[in-house]
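Residues per chain are reported as follows:
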Amino acid sequence: MAPLHQSEASFEAVLFVSVAAFMTLVVMILLCVRRRGYEELQREQSSEEPQEQLNHLKREIKRLRKEKEDLQKNYDSLKREKERLVKEKEDLQKNYDTLKKEKENAKADFEEFRRKTSKTMCDRLAETSDVRQKQEGKILTPGSTADFEEFRRKTSKTMCDRLAETSDVRQKQEGKILTPGSTADTCVYAVDREWKTITDAHVNVTLDPSTANLSLTVSEDGSEVKFTGKRSAEWPSVLGGEGFTSGRHYWEVVVGEKENWVLGVSTHRDEKSIPEKPEEGYWLVRRAKKFSKSYTAVSQSGDQILKLEVCKVWGVYLDWKEGRLSFYNAETKVHIHTFEGSFPGQVYPIFSPGSKGSRSLIIH
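Just so it is clear, the structure is predicted and the values come from calculations on it, not from any experiment.

> How should I be thinking about the packing of aromatic side chains in this particular structure?
Two measures describe an aromatic ring pair: the distance that separates the ring centres and the angle between the ring planes. Applying the stated criterion to the full structure yields 9 aromatic pairs. On the basis of an interplanar angle of 45° and a centroid distance of 5.5 Å, the ring pair of Tyr-295 and Trp-314 is categorised as tilted. With Tyr-295 in strand S13 (residues 294–299) and Trp-314 in strand S15 (residues 313–319), this pair connects stretches of sequence that are 19 residues apart. Under the relative-accessibility criterion, Trp-314 is labelled buried at 0%.

Dropping the structure here:
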C-alpha cells in the first residue's frame, strides 16, 4: 500500500507543477500580448501626434497669411489716405497763398482808392476859400500834403457838412453808390474791417409777446411785429426777449417802405408804449409821417433831425461797456447816428411799427 500512496502523491505533485507551469506560461503570454498592444498603441499615437502638429501649423500659417493680407490692405488704405491729405494740404496752401495775394492786392487797391478819394475831396475843398482854418496859430490847407492828416482830423466836421450839402459827392466803387451820413459827427464809412467787427457781434433778437402792446401782433417765431389795432396817437411797442448788461450786440431791422416806426433800446421793461416825448431810459430813432417822413434821433437830451435818404434796412449796434448805441444803413454800411454816454443798467431792444398801417417790422 505504501508504494501506491507514494505514486499518487507523486502524481499530484507533478500535476500541480504542470498546472503551475501552465498558468505561468499563460500569464507570460498575456503579458507579452498586452505589451505588444501597448507598444502598437504607442506607435500609433506617436505617428498621430506629428500629423496633428502639422495640421495645427498649417492652420496657423493660413491664419497668419490672412492677417498679413489684412494688414497690407490697411497699410495700402492708410497710404492712400496720407497721399490724399498731402494733396489737400498742398491745395489749401495754394488757396491760402492765392487769398493772401488777393488780400494784398485788395489792400493796395483800397489804399490807392483812399489816396485818390482824399485828393479829390481836398481838391473840392480847395476850390472854396472859406475852408482854411487857423488852429494853434497855423494855417491848415487841404492842399498841404504834410499837414493833411492833421487837417482831416480837425476839419472833419466842416468836410462832412459840405459833403452833406452837395449832391455831387457820391462816388462809385465796385458798382456800389457810397453816400456819407448827413449828421456832422457821422461822416464816416464803415470799411470792411470795421463792418466785420460790428457784424461779428450779431445776435438773434426774438420779440417777447408778453411785452407787446395789445394793439400789436407778434409772429409765432418772434421775428415780426405789426399794428393790428385801432389808429391812435401813441407808439405801441414790444421788447426783445433778452436784455443786455454787458458786451457788444448787433441786430438788423427791415422797415421797408413803412413811414411810421421806432427802433432803439429801452430800460423800461414793463411799459408797452413809447411816449411822444421820452424821458430818461430811451435811446431811439423814429420815423413819422406827420414830421414829413423825416428821421429823428430821440433821447432824454432832446431830438435831432437826421437828414438822409430812405433807409430800408437798419443795423443797430450796441456797445454796452463803452456806452454807445449806433445806427447804420445795413445795405450800404453807412454810419447814420450814435448815442454816447452810459447805460444805467439792463437795456432791451425796443420796436414800434407805429399805429398807422399794417406793414410789419422784420427783425433778424
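The structure having been displayed, the exposition proceeds.
> Looking at this structure, I do not really get the nonpolar core. What am I missing?
One broad rule of soluble globular proteins: the nonpolar side chains tend to lie buried together. Grouped together as the largest cluster of nonpolar side chains are 34 residues, with contacts concentrated most on Trp-251, Trp-314, Leu-325 and Phe-351. When residues no more than four places from it in sequence are discounted, the contact partners of Phe-351 are Val-205, Leu-207, Pro-236, Ser-237, Val-238, Gly-240, Trp-251, Val-253, Val-262, Leu-263, Leu-361 and Ile-363. Counting residues in each nonpolar core, the second largest holds 10 residues, with Leu-239, Leu-284, Ala-288 and Val-298 among its members.

> Just checking my understanding: could you explain the confidence of the model for the protein for this structure?
The predicted coordinates ought not to be read in detail in places where the model reports low pLDDT. In the predicted model, the protein carries a mean pLDDT of 78, and the fraction of residues at 70 or more is 74%. Low pLDDT, under 50, characterises residues 128–188; the predicted model gives this stretch 85 contacts beyond four residues in sequence or across chains.

> Looking at this model, I keep getting lost on the side chain of Asp-208. Mind explaining?
With respect to the secondary-structure elements, Asp-208 resides in the loop between helix H4 (192–199) and strand S5 (216–218). Within the structure, the side chain of Asp-208 is placed 3.0 Å from the side chain of Arg-269, a separation counted as a polar contact. Aside from chain neighbours lying at most four places away, what touches Asp-208 is Val-238, Leu-239, Gly-240, Gly-241 and Arg-269.

> Help me understand the pattern of salt bridges, please; the structure alone is not making it clear to me.
Opposite charge on two side chains allows them to pair when their charged atoms are near. Evaluation of the coordinates by the stated rule reveals 14 salt bridges. Close ionic contact of Lys-66 with Asp-70 constitutes a salt bridge, the shortest N to O distance being 3.6 Å. On the criterion of helical spacing, the pair formed by Lys-66 and Asp-70 is a turn pair, its members being 4 residues apart in helix H1 (residues 2–126). Between Arg-324 and Glu-340 there is a salt bridge, with the nearest N and O atoms lying 3.3 Å from each other. With Arg-324 in strand S16 (residues 324–329) and Glu-340 in strand S17 (residues 334–340), the pair connects residues that are 16 residues apart, well separated along the chain. Take Arg-324: its relative accessible area is 35%, and that puts it in the partly exposed class. Overall, the relative accessible area of 63% leaves Glu-340 in the exposed class.

> Help me understand the sheet that holds strand S12 (residues 282–288), please; the structure alone is not making it clear to me.
Backbone hydrogen bonds hold the strands of a sheet together, and the pairing may be parallel or antiparallel. Spatial ordering of the open sheet is given by S8-S18-S10-S12-S13-S14, a layout of 6 strands whose pairing is antiparallel. Two strands bound the open sheet, and with one partner strand each, they are strand S8 (238–239) and strand S14 (302–306). The pairing of strand S10 (residues 261–266) with strand S18 (residues 348–352) spans 5 bridges and is classified as antiparallel. Residue pairing across strands places Gly-264 opposite Ile-350, the latter belonging to S18.

Each value, and the rule that gives it
- Residues numbered from 1 in each chain as written.
- Predicted model: local features only at pLDDT ≥ 70, side-chain atom pairs only at ≥ 80, totals over all residues.
- Heavy atoms only, no water.
- Phe/Tyr/Trp six-rings, centres within 6.5 Å; stacked < 30°, edge-to-face > 60°.
- Helix = DSSP H or I, 4+ residues; strand = E, 2+ residues; numbered from the N terminus.
- Buried < 20%, exposed > 50% of the residue type's maximum accessible area, 1.4 Å probe, protein only.
- Core = buried A, V, L, I, M, F, W, Y, C linked by side-chain atoms within 4.5 Å.
- Contact = heavy atoms within 4.5 Å.
- pLDDT = per-residue confidence, 0-100.
- Polar contact = N/O pair within 3.5 Å; in protein donor to acceptor, adjacent residues only side chain to side chain.
- Salt bridge = Lys/Arg side-chain N within 4 Å of Asp/Glu carboxyl O.
- Pairing = 2+ DSSP bridges.

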